[in-house]
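Coordinate inspection notes
Chain by chain, the residues:
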Amino acid sequence: MEEDIPEYMPKAEVTAITATSITNHSFENIIPYLPAGSFNIILGPSTPLTPILFDYGIDAISGSLIENYEQVKKCALQATPTRKLQGIKMLTLFREDEQ
């Protein structure tokens, strides 16, 4: 739970942050507690694939890229679960790729 972040997150060697934290505005409350030297990942299908997230201490950005809009649209209209979506490619960007 979010109220446990100040106690537990500073002890982590690896953190995984859901991209939903950006839309629900908890991302800005999480970032100050990322420990120095930890490996930090933001992930989920709604993750914005932008290197700007590296400026916030994120080391890996994992999300999805639409390769076939019509196929994704069809799946979305059929309420297909994300893990079964067709027409997308799952990507991970790493900080070291940007340097």
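Residues numbered from 1 in each chain as written. Predicted model: local features only at pLDDT ≥ 70, side-chain atom pairs only at ≥ 80, totals over all residues. Heavy atoms only, no water.

1. Thoughts on the confidence of the model for the chain
Worth spelling out the cut-off: Across the chain, each position has a pLDDT score giving the predictor's confidence in that residue, from 0 to 100. Secondary structure elements follow DSSP: runs of H or I of four or more residues count as helices, runs of E of two or more count as strands, with numbering from the N terminus.
Of all residues in the chain, 97% attain a pLDDT of 70 or more, and the chain-wide mean is 92. Within the chain, the element-level pLDDT minimum falls on helix α5 (residues 95–98), averaging 74, and the maximum on strand β2 (residues 39–43), averaging 97.

2. A short note on the pairing of strand β1 (residues 14–18)
Here is the rule we go by: Here the term buried applies to any residue with accessible area under 20% of the maximum for its type, exposed to any over 50%, and partly exposed to those in between, with areas from a 1.4 Å probe on protein chains only. Any two strands between which DSSP finds at least two bridges are classified as paired.
The two faces of β1 differ: T15 and I17 on one face are buried, but V14, A16 and T18 on the other face are not. As judged from the five bridges shared by β1 and β2, these two strands associate in the parallel manner. Paired with V14 across the two strands is F39, which belongs to β2.

3. So, the packing of aromatic side chains
Filter applied, for reference: Aromatic pairing here means that ring centres of Phe, Tyr or Trp (its six-membered ring) are within 6.5 Å. Orientation follows from the plane angle: under 30 degrees is stacked, over 60 is edge-to-face, and everything else is tilted.
In the structure shown here, the tally under the stated rule is one aromatic pair. Seen from their ring centres, F27 and Y56 are 5.8 Å apart, and the 65 degrees between their planes marks the pair as edge-to-face. Taken together, the positions of F27 in helix α3 (residues 27–30) and Y56 in the loop between β2 and β3 (60–66) put the pair 29 residues apart, joining distant regions of the chain. Overall, F27 belongs to the buried group, its relative accessible area being 7%. For Y56, a relative accessible area of 43% translates into the label partly exposed.

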